[in-house]
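# Chain and residue survey
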Amino acid sequence: MGNRSRLFQIMGLAFFLLLSACEANSSSLSESSSDDSSASSVSSENSSSSSSSEASSSAESSSSSESSSSSESSSSSESSSSSESSSSSSEESSSSSSTPTIQTLSFDTNGGSLINPISAMSGSYISQPSNPWRTGYTFAGWYAEPGLSTPYVFLQMPEDSITVYADWETNSMIFSAVDGTNLMVNGNALYNPQAEIWVPKYHQGALVTAIDMYGFYGLRDITRIKLPDSINQIGSQAFAGDLALTAIDVLGQGTSFTSVNGILYNATMTDLVSYPIGKTDTSLTIPEGVLTIDSNAFNSALNLTSITFPTTLRYIEAEAFMFCQHLTTVTMNEGLESISNNAFYWNALVEVNLPSTLITLASSAFDSTYTITSYAVAPG
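The paragraphs below set out a description of the structure included in this document. (Residues numbered from 1 in each chain as written. Predicted model: local features only at pLDDT ≥ 70, side-chain atom pairs only at ≥ 80, totals over all residues. Heavy atoms only, no water.)

### Some thoughts on the overall build of the protein chain
For the record, the criterion: The secondary structure listing takes helices from DSSP runs of H or I that are at least 4 residues long and strands from runs of E that are at least 2 residues long, numbered from the N terminus. Note on classification: 1.4 Å probe, protein chains only; a residue is buried when its accessible area is under 20% of the maximum for its type, exposed when over 50%, partly exposed between these limits. Contact definition: two residues touch when any of their heavy atoms are within 4.5 Å. In short, Shrake-Rupley with a 1.4 Å probe defines the accessible areas, and a residue's cover is counted only from the protein chains shown.
Counting secondary structure elements, the protein chain contains one helix and 24 strands. With 380 residues in all, the protein chain has 36% of them scored as buried. In the protein chain, once contacts between residues fewer than 6 apart in sequence are set aside, the share between residues at least 24 apart is 40%. Surface exposure of the protein chain reaches about 21000 Å², of which carbon and sulfur atoms provide 49%.

This is how it looks when you write it as structure tokens:
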């Protein structure tokens, strides 16, 4: 009985200790679980904070990127718009300057029949009209300027309204070859020609460059001769005996000859080549710069009564004033060096005052000028 009682005491004590141990272990497990939960909560909070931060950063980055992208897009759009505007403006300007407009091509026939003007859009194709006609002449082509220097080709309507000009060829003139390509003209076969002689720049496609010796000699009724700027050679006395001739015109800008007031000079105006003897002027002052009066330049100029030489004159060639039967006064210049044979043959001079600079005086210089009463040489 006593032993059984002790046994029950021991078993009760053991059970109590076991129960206490279980409770302690349970408490420890609970605390550990609480700590883990707390740690998990902190971790979750940190993770949430990090995620929030990253999200914020990502949002900011995205916002910045979008802002930058928007800015770039805006800039690009503005640049593109500006470029397109500029391009559009350029295209409009180009379009404006190249827009076809109605232009007029007019025709100056230089005495020929009327040719109606052509009106068409600039750049459009046009055809050459029928040739004009003129009694006594053959049409010799259209030119781009009044001087008849540049042949005009009919292809497209020009950008601006213009006038083209007709060239003519007097009928019955004779053309002969100068070399393999160029021509010389002679008018000796002309019978009762028109008052105005036209020498064309081209005859049957060949360039006319020369006038034959005595080429238009003795054509008593012609009043004007028109020469192309292609002429580079004029034979001796080509216009002598043309008693009604008042003007020799060089059309355009010739490289060999030019004309002033109907008087023919070389291109540099250092030589006076030919004076139209039908001019009605009674006096003449030769322009400064002229060095030489060519042979027969004034031959038979019957209306001249007085001539004044320029200070630049050096040479008077043979027969220069031959048969100037009313020439009474010649004012010679200091600087004149030479007077050639028959220079003043059969004039009406009364007094001859020679300059001190004269070096050569041909013995026949004043032949048959029986009116001369005195000669004088300036001291020097």
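### Some thoughts on the sheet that holds strand β21 (residues 338–339)
What counts here: When DSSP finds at least two bridges between two strands, those strands are taken to pair.
If you walk across this open sheet you meet the seven strands as β13-β14-β15-β17-β19-β21-β23, and the pairing is mixed. If you trace the sheet from one side to the other, it starts and ends with β13 (257–260) and β23 (360–361), each paired once. Here strand β15 (residues 271–274) runs beside strand β17 (residues 292–293); their pairing, made up of two bridges, is parallel. Among the inter-strand pairings, Leu-272 is bridged to a residue of β17, identified as Ile-293.

### Things to note about the pattern of salt bridges
Note the following rule: Throughout this description, the term salt bridge denotes a Lys or Arg side-chain nitrogen within 4 Å of a carboxyl oxygen of Asp or Glu.
One pass over the full model with this rule turns up four salt bridges. Because the salt bridges share partners, they merge into one network encompassing Arg-224, Lys-226 and Asp-249.

### A few points about the sheet that holds strand β20 (residues 329–331)
Strands in a sheet are paired, the pairing made by backbone hydrogen bonds, and the direction either parallel or antiparallel. As a reminder of what qualifies: The angle between two axes is taken between their N-to-C directions and runs from 0 to 180 degrees, where each axis is a line fitted to C-alpha atoms and a helix contributes only its stretch in contact.
Strands sit in the order β16-β18-β20 across an open sheet of three strands; the sheet is parallel. On the outer flanks of this sheet lie β16 (283–285) and β20, each paired with one strand and no other. The mean angle between the axes of side-by-side strands here comes to 5 degrees, regardless of whether they run parallel or antiparallel. As judged from the three bridges shared by strand β18 (residues 306–308) and β20, these two strands associate in the parallel manner. In the strand pairing of β20, Ile-307 is matched with Val-330.

### Comments concerning the side chain of Asp-167
Heads up, the condition is: Within this scheme the basic residues Lys and Arg register as positive and the acidic residues Asp and Glu register as negative, but His and the chain ends are omitted. We define a polar contact as two N or O atoms separated by no more than 3.5 Å, with the added condition that, inside protein, one atom must be a possible hydrogen donor and the other a possible acceptor, whereas residues neighbouring each other in sequence contribute only through side-chain atom pairs.
With respect to the helices and strands, the residue Asp-167 is situated in strand β4 (residues 162–170). Among buried charged residues, Asp-167 stands out as having no salt bridge; its nearest opposite-charge side chain is Arg-134, 8.0 Å away. Among the polar contacts made by the side chain of Asp-167, one reaches the main-chain amide nitrogen of Lys-201 at a distance of 3.2 Å. For Asp-167, the residues in contact, after removing those within four places along its chain, are Thr-138, Phe-139, Ala-140, Gly-141, Tyr-143, Leu-148, Trp-198, Pro-200 and Lys-201.

### With respect to a nonpolar patch on the surface
Selection criterion: Candidate patch residues must exceed 30% relative accessible area and have no salt bridge, after which like charges are joined if within 9 Å and Val, Leu, Ile, Met, Phe, Trp or Tyr side chains if within 5 Å.
Taken together, Met-213, Tyr-214 and Tyr-217 make up a surface patch of nonpolar side chains, about 310 Å² in accessible area. Here Tyr-214 lies in the loop between β9 (206–211) and β10 (224–227).

### Observations regarding the side chain of Asn-333
Positionally, Asn-333 belongs in the loop between β20 and β21. Classification of Asn-333 as buried rests on a relative accessible area of 5%. A distance of 3.2 Å separates the side chain of Asn-333 from the backbone oxygen of Pro-310, its partner in a polar contact. Beyond its immediate sequence surroundings of up to four residues, Asn-333 is in contact with Phe-309, Pro-310, Thr-311, Thr-312, Leu-313, Arg-314, Pro-355 and Thr-357.

From the geometry alone we can't say anything about function, so treat these as descriptive.
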